[in-house]
Amino acid sequence: PLLHTAALRLSRPLHLGGGRLRKAPRAPRVRFAAAASASAGGDEEGLADLGSLAPVGELLKPLDPQLVSVVEQDPSVFTLPATQAGGGDRFVELFRSCAPYIKMHQGRTIVLHISSLVLEHSSLFEETMVDLSILSLLGVRVVLVVGMHGQVDDAVRAAGAEPQIVGGRRVSDANTLRAVQQVSGEVRARVEAALARGRHAPPGGSERGASSAPRLGAGVDVVTSNALYSAQPVGVLSGVDFKSTGEVRRVDADKIHAYLDGGAVVLLTSLGYSASGEVYNVPAVEVAARAAGALKASKLIYLTGARLVMHSQLGGAGASAVPVDQRPLVQSMRLAEARELVRHWDARSEVAAARLPEAADPAARSRYESA
């Protein structure tokens, strides 16, 4: 590695002769991309300039072994220039500082839910997929759940209907279920395409020739299936028939772990299936929570466009007049505080009250606690 590093520092290639190393005369600078691109059928844009190369005739002179010797050098000269790896020593130090966290999370399972809002911003979605692929390549076992609430609303309206939301839960009639199936297929295709390429050109660049950054093939496998979890109907709650809206019945943790053991990213969708072959629209947030509990995940992460802010510290009821970006954020909370917050919000809805631990329905209480 030291010799390789030393070679990277040279603006001209080395010639061996006279028992010592010397630099070749300067020659026009060339692009390393030329031969590689031609063989791969790609373009030369975005590939790094590796410096000057001497004429072929000088590099291919016969080598006399008697004239070759090894010269010891001070190791302090083996440092990367600032133009290499984003700043040389800074890159090395950054990577070293990441090592404890890589070790901490390597082999751990995380469940990541991204909201439909992320899908509406292409650059944010693409960068999220890049980060997710890097996590997978570093040994983190990733389960991905993609929300598509906004996209389903748009598809329902495009079909000439209006979305029906009762108590924060969607009523899934035949038209709505059809829209969920359509959007689910589109979302799956976007995720698979993004993770197939892993690293890509910055958002806004065209596929060929627009980016000056190297494109590295770091794609990861994506696995999804109709049998990763089973679903059952919500049924009638507080006099409302939710039709094809469902909830998670059981997560097949063993099957998901088997895919994660193979290095794949597991994608869970809102389409849940029953043992009789019925299709249900299951809220993605619930899928993520139940999957995290069944897999005993080390982290459950929700990437949303919302954030928790405090009001009482800024004047109680009058705090609503304070700009959102000036309100203090809720950075953390204890488990008991989180439960109390959920209880406070769910108390506003009779439908959501069935999910509380104190609910009279033992089955509902069991489902809540298992999540």
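Look up a bit, the structure's there.
Remember, predicted model here, so these are calculated numbers, not experimental data. (Residues numbered from 1 in each chain as written. Predicted model: local features only at pLDDT ≥ 70, side-chain atom pairs only at ≥ 80, totals over all residues. Heavy atoms only, no water.)

**Student:** Help me understand the overall build of the protein chain in this model?
**Tutor:** Scanning the protein chain from terminus to terminus reveals 12 helices and 17 strands. Per-residue burial for the protein chain yields a buried fraction of 33% across its 371 residues. Taking as baseline every contact in the protein chain between residues at least 6 positions apart, the subset at least 24 positions apart corresponds to 65%. As displayed, the protein chain has an accessible area near 22,300 Å², and 55% of this comes from carbon and sulfur atoms. (Helix = DSSP H or I, 4+ residues; strand = E, 2+ residues; numbered from the N terminus. Buried < 20%, exposed > 50% of the residue type's maximum accessible area, 1.4 Å probe, protein only. Contact = heavy atoms within 4.5 Å. Areas by Shrake-Rupley, 256 points an atom, 1.4 Å probe, with all protein chains shown as cover.)

**Student:** In this structure, what is going on with the sheet that holds strand S14 (residues 265-268)? I would like to understand it.
**Tutor:** In spatial order, the strands read S9-S14-S6-S5-S17; together these 5 strands make up an open sheet with parallel pairing. At either end of the open sheet lies a strand with only one pairing partner, and these are strand S9 (222-223) and strand S17 (299-303). Here strand S6 (residues 141-146) runs beside S14; their pairing, made up of 3 bridges, is parallel. Pairing of Val143 across the sheet is with Val266, part of S14. Sheet strands in contact with helix H10 (residues 284-295) are strand S5 (109-114), S6, S14 and S17, and its direction is about 175° off that of S5. (Pairing = 2+ DSSP bridges. Axes fitted to C-alpha atoms, helices over the stretch in contact; angles between N-to-C directions.)

**Student:** How should unusual backbone geometry be read in this particular structure?
**Tutor:** When glycine is set aside, most residues are seen to have a negative phi, and most peptide bonds are trans. Backbone geometry at Ser238 places phi at a positive 55°, although glycine is not the residue there. If you trace the backbone, Ser238 turns up in the loop between strand S11 (236-237) and strand S12 (240-241). Within the chain, Lys243 stands out as a residue other than glycine whose phi angle is a positive 55°. Following the sequence through the fold, Lys243 ends up in the loop between S12 and strand S13 (246-251). Residue class for Lys243 comes out partly exposed when judged on its relative accessible area of 44%.

**Student:** Would you mind showing me how to read helix H8 (residues 174-197) here?
**Tutor:** Residues separated by three or four positions in an α-helix point in the same direction, a consequence of the helix having 3.6 residues per turn. Over its 24 residues, H8 extends 36 Å from the first C-alpha to the last, a length consistent with the 34 Å expected when each residue adds 1.5 Å. Burial in H8 covers these residues: Thr176, Leu177, Ala179, Val180, Val183, Ser184, Val187, Val191, Ala194 and Leu195. (Expected span 1.5 Å × (residues − 1).)

**Student:** Is there a simple way to explain the environment of Leu237 in this structure?
**Tutor:** Relative to the helices and strands, Leu237 is located in strand S11. In the structure, Leu237 is positioned 70 residues away from Gly167 in sequence and 9.8 Å away in space, judged by C-alpha atoms.

**Student:** Would you mind showing me how to read the packing of helix H7 (residues 149-158) against H8 here?
**Tutor:** Direction vectors running N to C along H7 and H8 enclose 125°, while the axes themselves pass 9 Å from each other. With respect to their mutual orientation, H7 and H8 come out oblique. H7 and H8 meet at a crossing whose hand is right-handed. In this structure, H7 uses Gln151, Val152, Ala155 and Val156 to contact H8, whose residues at the interface are Thr176, Ala179, Val180 and Val183. Looking at the contact of H7 with H8 residue by residue, the classes come out as 6 nonpolar, 2 polar and no charged. (Parallel < 35°, antiparallel > 145°, perpendicular 65-115°, else oblique. Left-handed = near helix turned anticlockwise from the far one by under 90°. Nonpolar A, V, L, I, M, F, W, Y, C, P; charged D, E, K, R; others polar.)

**Student:** Honestly, the side chain of Ser136 in this entry has me stumped. Any pointers?
**Tutor:** Along the chain, Ser136 falls in helix H6 (residues 122-137). For Ser136, a relative accessible area of 13% gives the class buried. Among residues more than four places away in sequence, those in contact with Ser136 are Val142, Val220, Gly263 and Val265.

**Student:** Please explain the packing of aromatic side chains as it appears in this structure.
**Tutor:** The geometry of an aromatic ring pair comes down to the distance between the two centres and the angle between the two planes. Inspection of the entire model under this criterion finds 0 aromatic pairs. We note Arg190 situated over the ring of Phe125; from NZ or CZ to the ring centre the distance is 4.4 Å. (Phe/Tyr/Trp six-rings, centres within 6.5 Å; stacked < 30°, edge-to-face > 60°. Lys NZ or Arg CZ within 6 Å of the ring centre and 35° of its normal.)

**Student:** How do you make sense of empty space enclosed by the protein when you look at a structure like this?
**Tutor:** Inspection of the entire model under this criterion finds 3 cavities of 30 Å³ or more. In this structure, the largest cavity spans a volume of roughly 40 Å³. The wall of the largest cavity is formed by Val146, Met148, Ser184, Val187, Arg188, Leu267, Leu268, Thr269 and Ser270. Those elements that place two or more of their residues in the lining of the largest cavity are H8 and S14. Of all the elements, H8 adds the most residues to the lining of the largest cavity, at 3 residues. Counted by class, the lining of the largest cavity contains 5 nonpolar, 3 polar and 1 charged residues. (1 Å grid on protein atoms, 1.4 Å probe; cavity = no way out; pocket = protein on both sides within 12 Å on 5 of 7 lines; lining within 4 Å. Points joined across faces, edges and corners; volume = space filled by probe spheres on them.)

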